[in-house]
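This is what each chain is made of:
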Amino acid sequence: MSEATGRTVVLDVWCDLQCPDCHRAESDLRALRDRFGDRLEIRRRHFPLAKNAHAMAAAQAAEEAYAQGRGEAYCAALLERTAELRDRGEPVLAEVARATGVDPEEIATALIDGRHLLAVDADQAEGQALGVHGTPTYVIAGQRLDGGQSQDGLLERIIDIVEAAPATA
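Throughout what follows, the structure given in this document is the object of discussion. (Residues numbered from 1 in each chain as written. Predicted model: local features only at pLDDT ≥ 70, side-chain atom pairs only at ≥ 80, totals over all residues. Heavy atoms only, no water.)

### Section: the overall build of the chain
What counts is decided by this rule: The numbering of helices and of strands both runs from the N terminus, where a helix is a DSSP run of H or I of at least 4 residues and a strand a run of E of at least 2. For this measure, only C-alpha atoms enter the radius of gyration; the expected value for a globule follows 2.2 Å times N^0.38, where N is the number of residues.
From N to C terminus, the chain includes 8 helices and 4 strands. In sequence order, the chain lays out its α and β elements as β-α-β-α-α-α-α-α-α-β-β-α. On C-alpha atoms alone, the chain measures out to a radius of gyration of 16 Å, which is about the 15 Å that the 2.2 N^0.38 rule sets for 169 residues. Seen through its principal axes, the chain has C-alpha atoms that stretch 45 × 30 × 25 Å.

See the structure below:
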C-alpha cells in the first residue's frame, strides 16, 4: 500500500521465458524493485506461449531453479538469452543453470519427470481466467496491464498504482 502503512503491494507478472518482450520488460521490473524494495512483491507467473517451442520447458526449469533457491537469478539470466533459447533449445537451460548455481542435472530430471508441470499449468490457467493472452501481462490491485512490444507508459502506470492502491497481505 502506501508508505504510511508499510504493507506490501503484489504485482503478478505473467511471463514467457522465451519471449523477447519479457526480456525487454526486465528493466522495468528492476526499476520497480529499486524504487519500492519490500513495499512491492513481484511474483513471476508462468504463461508459456504455444508459439515459443521451448517456453514450457523453460518454465519448468525455472520452477526447479526456484526450488533450489535461485529462481529469480535463473529467470533473469534466461531472459537475457531468449534468442539462444529459441535457436538452440533445451541445452541453453542447462547452461543457464550452471551459470546461476542451479544443478543442471536436476533441471534435466525435472523436465523428464514433470514435477513442476502442475505449477506451470496452474499459473497459465489462472492467467487465462484473468484474460491474459500475451506476455508480459501485469496484474496489480485488480487491474490487468498488457505489455508486449510496447512497454511505453507501463512503468509509470504501475508506479501510480503501487502508490495509490490498497495492498493485499
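### Brief notes about unusual backbone geometry
Short version of the rule: For every residue, the accessible area obtained with a 1.4 Å probe (protein chains only) is divided by the maximum for its type, and the residue is called buried under 20%, exposed over 50%, and partly exposed between those limits.
Going from Thr135 to Pro136, the amide bond is cis rather than trans, its omega being -5°. With respect to the helices and strands, the residue Pro136 is situated in the loop between helix H7 (117–129) and strand E3 (137–140). You will see that Ala141, though not glycine, has its phi angle at about 50°, which is positive. A relative accessible area of 41% means that Ala141 is categorised as partly exposed.

### Digging into the sheet that holds strand E1 (residues 9–15)
The following threshold applies: A pair of strands is labelled paired if DSSP reports no fewer than 2 bridges between them. Axis angles are defined between N-to-C directions and span 0 to 180 degrees, where every axis is a line fitted to C-alpha atoms and, for a helix, only to the segment in contact.
Reading across the sheet, the 4 strands line up as E2-E1-E3-E4 and stay open at both edges, with mixed pairing between neighbours. Bordering the open sheet on either side are strand E2 (40–46) and strand E4 (143–146), each of which pairs with just one other strand. Strand-to-strand, the axes of this sheet are offset by a mean angle of 20°, without reference to chain direction. Strand direction decides the pairing type here: E3 and E4, joined by 4 bridges, are antiparallel.

### Thoughts on the packing of helix H5 (residues 91–100) against helix H6 (residues 104–113)
As a reminder of what qualifies: In this scheme, a crossing is called left-handed if the near helix is turned counterclockwise away from the far one by less than a right angle; it is called right-handed if the turn is clockwise. Contacts were defined at the residue level, with two residues in contact if any of their heavy atoms lie within 4.5 Å. Each residue gets one of three labels, nonpolar for Ala, Val, Leu, Ile, Met, Phe, Trp, Tyr, Cys and Pro, charged for Asp, Glu, Lys and Arg, and polar for the others, Gly among them.
Where H5 contacts H6, the two axes come as close as 8 Å, and the packing angle between them is 140°. Seen along the crossing, H5 lies across H6 with a hand that is right-handed. Across the interface between the two elements, Leu93, Ala94, Ala97 and Arg98 from H5 touch Pro104, Ile107 and Leu111 from H6. Of the residues assigned to the contact of H5 with H6, the class counts are 6 nonpolar, no polar and 1 charged.

### Quick look at the environment of Leu79
Looking at where Leu79 falls in the secondary structure, it is placed in helix H3 (residues 71–79). Not counting residues up to four positions away in its chain, the partners in contact with Leu79 are Cys15, Asp16, Leu17, Cys19, Cys22, His23, Glu26 and Arg44.

### Some words on the pattern of salt bridges
Worth spelling out the cut-off: A carboxyl oxygen of Asp or Glu within 4 Å of a side-chain nitrogen of Lys or Arg is what we treat as a salt bridge.
Summed over the entire model, instances satisfying the criterion amount to 18 salt bridges. Between Arg44 and Glu26 there is a salt bridge, and its shortest N-O distance comes to 3.0 Å. Residue Arg44 is located in strand E2, and its partner Glu26 is located in helix H1 (residues 20–36); the two are separated by 18 residues in the primary sequence. Each member of the pair, Arg44 as well as Glu26, is classed as buried. Look at the salt bridges and you will find they share partners, linking Asp12, Arg43, Arg45, Asp123 and Glu126 into a network.

### Examining the packing of helix H2 (residues 55–67) against H3
How two helices sit against one another is set out by the angle between their axes and by the gap between those axes. Axis separation between H2 and H3 bottoms out at 7 Å; the angle between their running directions is 150°. In this structure, H2 uses Ala58, Ala61, Ala62, Ala65 and Tyr66 to contact H3, whose residues at the interface are Gly71, Glu72, Tyr74, Cys75 and Leu78. A class-by-class count of the residues in the contact of H2 with H3 yields 8 nonpolar, 1 polar and 1 charged.

### Examining the pairing of E1
Heads up, the condition is: Whether a crossover is right-handed depends on one test, that the path from the first strand over the helix to the second runs clockwise when the strands point away from the viewer.
Of all the 7 residues making up E1, 7 are buried; the element is thus mostly covered by neighbouring parts of the structure. Judged by which residues are buried, E1 turns out to be covered on both faces: Val9, Leu11, Val13 and Cys15 on one side and Val10, Asp12 and Trp14 on the other are all buried. Where E1 meets E2, 7 bridges bridge the pair, whose relative direction is parallel. The residue of E2 that forms the bridge with Leu11 is Ile42. Traced from E1 through H1 to E2, the parallel crossover comes out right-handed. Examined bridge by bridge, E1 and E3 share 4 bridges and lie antiparallel to one another. Opposite Asp12, over in E3, you have Val139 as the bridge partner.

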